[in-house]
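What the coordinates show
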Amino acid sequence: MNKKWLDFILIILGNTIYALGVVLFIVPGKLITGGTTGIALIMNHYFHISISIFVFIFNLLMFIIGAIILGKKFAITTIMSTFYYPFILGVFEHLFVNIHLANDIFINTLFAGVFIGTALGLIIKMGASSGGMDIPPLVLHKLIGVPISLSMYSFDFLILLGQCAFNDSEKLLYGIVLIFTYTFVLEKVLVLGKAKIELKIVSEKTQQIKQEILKEVDRGVTLLYGKTGYLEKDCEIILSVMSSRELVQVERLVHQIDDNAFLIISSINEVRGYGFSKKKRYLKSTNNLS
């Protein structure tokens, strides 16, 4: 499938999941939240404006401002969320009217956070924006240099306070939990499938281990040169990056060759380059590996 079409489908899916989180958990659970949805809840309470209609008008206004100040590239990546999200939100408002999946406020908070975090993760992963209240922090950053994270959290806090007028203090606390939950899930989605294992091997048999990793596991290795701290002997250190499944195979292989090998295993969020974000390249070696 063409990458542009895949990106388009995932942006649509992200906005659909976001709308489901709002309609199935935030609205029936009477939760408070930040962003455009939080402002829409305030307007719905005081002026009985439909949440989906307000979101459409607000998103359109922010889109125009963002397109003028942030440029054409921003407009292209944001246009789908600007128009599709309020549309699908309106559809779900009518489709799931009076549907309550859970009466417990904590369950609603937890699942709303999972849905919204997953949705935002998919949208951002595709290089797009969810529009709405994502735009003012970007505009402020460009015009006067305000840090994006600072203005985002400030806006969310003010929107939460705005909903406190018609909610009790407990709802405010759950609103904070909701924001932390979807922020946590968002970060996990952004690195989903990209996390790898970094392995360093200190051994007296590095050449043999290196050859076996290259031949049996088909993973690249880098040789680092160091010195032991106690005996001050020069040594080679093998550095390699691999999946967790490959790690099991490499560990077994290393201990078969040198049971006294010293292994350092670390989790890393993402790897870019040949064999990971780019297709592997096989170059002719100058060494005679058997």
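My aim in this report is to walk through the structure given alongside it, one point at a time. (Residues numbered from 1 in each chain as written. Predicted model: local features only at pLDDT ≥ 70, side-chain atom pairs only at ≥ 80, totals over all residues. Heavy atoms only, no water.)

1. Some thoughts on the overall build of the protein
Helix and strand counts for the protein come out as 10 helices and four strands. For the protein, the N- to C-terminal ordering of α and β elements is α-α-α-α-α-α-α-α-β-α-β-β-α-β. At 25 Å, the protein has a C-alpha radius of gyration far larger than the 19 Å of a compact globule built from 290 residues. Each principal axis of the C-alpha distribution contributes one length, and for the protein these read about 75 × 40 × 40 Å. In the protein, once contacts between residues fewer than 6 apart in sequence are set aside, the share between residues at least 24 apart is 73%. Just so you have it, the protein exposes about 17,000 Å², and 63% of that area is on carbon and sulfur atoms. Here the protein carries 26 positive and 21 negative side-chain charges, and the mean point of each set is 10 Å from the other. (Helix = DSSP H or I, 4+ residues; strand = E, 2+ residues; numbered from the N terminus. Rg over C-alpha atoms; globule rule 2.2 N^0.38 Å. Contact = heavy atoms within 4.5 Å. Areas by Shrake-Rupley, 256 points an atom, 1.4 Å probe, with all protein chains shown as cover. Lys, Arg positive; Asp, Glu negative; His and termini not counted. Charge placed at Lys NZ, Arg CZ, Asp CG, Glu CD.)

2. Some thoughts on the nonpolar core
Within soluble globular proteins, side chains that are nonpolar tend to cluster in buried spots. Counting 41 residues, the largest nonpolar core has Y18, I26, Y85 and L89 as its most contacted members. The set of elements that each furnish at least two residues to this core consists of helix 1 (3-26), helix 2 (35-47), helix 3 (51-70), helix 4 (72-95), helix 5 (105-125), helix 6 (135-144), helix 7 (148-164) and helix 8 (169-190). Excluding residues within four positions of it along the chain, Y18 makes contact with T37, Y85, I116, A119 and L120. Of all hydrophobic cores here, the second largest spans 15 residues; its members include V217, V254, I257 and L263. (Core = buried A, V, L, I, M, F, W, Y, C linked by side-chain atoms within 4.5 Å. Buried < 20%, exposed > 50% of the residue type's maximum accessible area, 1.4 Å probe, protein only.)

3. Details of the pairing of strand 3 (residues 234-242)
Among the nine residues in strand 3, seven count as buried, and that is most of the element. As paired elements, strand 1 (residues 196-202) and strand 3 share six bridges and run antiparallel to each other. When the bridges of strand 3 are listed, I197 appears paired with M242. Where strand 2 (residues 222-227) meets strand 3, six bridges bridge the pair, whose relative direction is antiparallel. Paired with L224 across the strands is I237, a residue of strand 3. Linkage of strand 2 to strand 3, two consecutive antiparallel strands, is achieved through a turn of six residues, within which E232 is found at a positive phi near 55°. (Pairing = 2+ DSSP bridges.)

4. Observations concerning the side chain of T16
Residue position: T16 is located in helix 1. At 2.7 Å, the side chain of T16 forms a polar contact with the side chain of Y84. T16 has contacts with Y84, I88 and F92, leaving out every residue within four places of it along the chain. (Polar contact = N/O pair within 3.5 Å; in protein donor to acceptor, adjacent residues only side chain to side chain.)

5. Notes on a nonpolar patch on the surface
Taken together, the side chains of I53, F56, I57, I79 and F83 define a hydrophobic patch exposed on the protein surface, amounting to about 430 Å² of accessible area. In terms of residue count, helix 3 provides more of the nonpolar patch than any other element does, three residues in total. Along the chain, the position of F56 falls in helix 3. Residue classification places F56 among the partly exposed residues on the basis of a relative accessible area of 34%. (Patch = residues over 30% accessible without salt bridge, like charges linked within 9 Å, V, L, I, M, F, W, Y side chains within 5 Å. Salt bridge = Lys/Arg side-chain N within 4 Å of Asp/Glu carboxyl O.)

6. What to know about the sheet that holds strand 4 (residues 262-268)
The four strands are arranged 2-3-1-4 in an open sheet whose pairing can be described as antiparallel. Here the strands that pair on one side only, and so sit at the sheet edges, are strand 2 and strand 4. Across the sheet, the mean angle from the axis of one strand to that of its neighbour is 25°, orientation sign disregarded. Along the sheet, helix 9 (residues 206-217) makes contact with strand 1, strand 2 and strand 3, crossing strand 3 at roughly 15°. (Axes fitted to C-alpha atoms, helices over the stretch in contact; angles between N-to-C directions.)

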